[in-house]
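Coordinate inspection notes
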Amino acid sequence: MDKREKCVIVGGGAAGLMCAARLIRNGAVPLILEAGARVGKKILVSGNGRCNLSNSGVNEGRYNAPEFVAPVLEKYPYSSVINWWKELGLVTRTDEQGRTYPYSNYAGSVLNVLLDSVSKAEILTSCPVKSVKKEGKFFKVEHEKGTVYAENLVLACGSGAGGGIPSYNLLKGLGHKVTRLTPAITYLKTDKFKGLKGVRAKVYARLETPFGSMGDRGEILFRDDGVSGILAFWLSSFLARNNCTGVLEIDFAPDLTAEEIKREYGGRERLLCGLLHKALADKLLREGGLERVKNYRVKVALADKDNQAVCGGAELGALDNNLQSKLHGNLYCIGEMADIDGECGGYNLHWAWVSALAAADNITGAEK
């Protein structure tokens, strides 16, 4: 007789593990099917190994689809998510920008408490799902190691970002439409900064596009083929959502006026290295002098590699606020499977957690 499960989760990443933890707390033990050799691999590399798991400033405006996200965030506010982490055993700390990390500053702490919380679940690794079909009230899931019938099916497959294995074809096979997929939270590509690889700078940067502009203070990190760092990652989401190129305007000394810079370094430009990294100072002087310090403009495009997230996924019109399919009851699309992307700063992982909680609580009929 074919194996039957109350709930099968496809994908053992952030959203999948969180969903499993909540299901188990609510009294339902799921089967987890993971295509990779281990679960939670991407968690370990998130936030440069520190795992920026949330942000105290989370709100619907941080996402591409605020009207869809708002009721989910209202049901699972930041405080309740942090309290849930405490229940699982994780203590967190928050920096001045609202970015929330495990107290250990070690991403392994996040994965460790999740693994402990899902210890009752059956987990099959190196087990990619080949196909999913609806048969009666069950979903027939054919995978590398056999076939299982699921009363509830949660697709938490993630995207190709960060070495993940995209499985949007499973959605398409069930009649769901998938929107355009574009790399997000990645570096801004340009060849204008060759020779500055590894140099960091605290700046104000503004991105201008045909669809509007946005800017803020933050740190950028130069690479030979572009601009990286938290600020560049934040700006990259704007390019990804609009599928366009733009012009990056950088102020390398946002705390000083142009007049103050001219008064201090006029006539002795060689000492600009006392304000900026010498390699950067030399470049600005070669390309136009002191005026470039406050107004450096360069055309940029979205890099198509090293991305931490993806814009696109299951069309939201076919999902309800519990991330349940309107086409097939008891089918859920959580985390990166849905067409939801957040800005850099912990917002994408926060979405992974709340979408997982919403699906798990709906499956079990539990109150949060």
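Residues numbered from 1 in each chain as written. Predicted model: local features only at pLDDT ≥ 70, side-chain atom pairs only at ≥ 80, totals over all residues. Heavy atoms only, no water.

Right, let's talk about unusual backbone geometry for a bit. Backbone geometry places Ser126, a non-glycine residue, at a positive phi of 50 degrees. As for its placement among the helices and strands, Ser126 is situated in the loop between β6 (122-124) and β7 (129-135). The class of Ser126 is partly exposed, set by a relative accessible area of 38%. Not every positive phi belongs to a glycine, and Asp306 is a case in point at roughly 60 degrees. (Helix = DSSP H or I, 4+ residues; strand = E, 2+ residues; numbered from the N terminus. Buried < 20%, exposed > 50% of the residue type's maximum accessible area, 1.4 Å probe, protein only.)

With that settled, the discussion passes to the environment of Asn322. Locating Asn322 in the fold gives a position in the loop between β17 (309-311) and β18 (331-333). Using a relative accessible area of 19% as the deciding quantity, one classes Asn322 as buried. Taking the C-alpha atoms as reference points, Asn322 and Val110, separated by 212 residues in sequence, lie 24 Å from one another. If we ignore the near neighbours within four places in the chain, the residues touching Asn322 are Lys75, Tyr332, Ala358, Ala359 and Asn362. (Contact = heavy atoms within 4.5 Å.)

Residue placement: Leu319 occurs in the loop between β17 and β18. With a relative accessible area of 2%, Leu319 lands in the buried category. In this structure, the C-alpha to C-alpha distance between Leu319 and Leu331, residues 12 residues apart in sequence, is 9.5 Å. If near-sequence neighbours (up to four positions away) are discounted, Leu319 is found in contact with Phe68, His176, Ala314, Gln324, Ser325, Lys326, Cys333 and Ala338.

Limitation: the analysis is restricted to geometry and does not speak to function.
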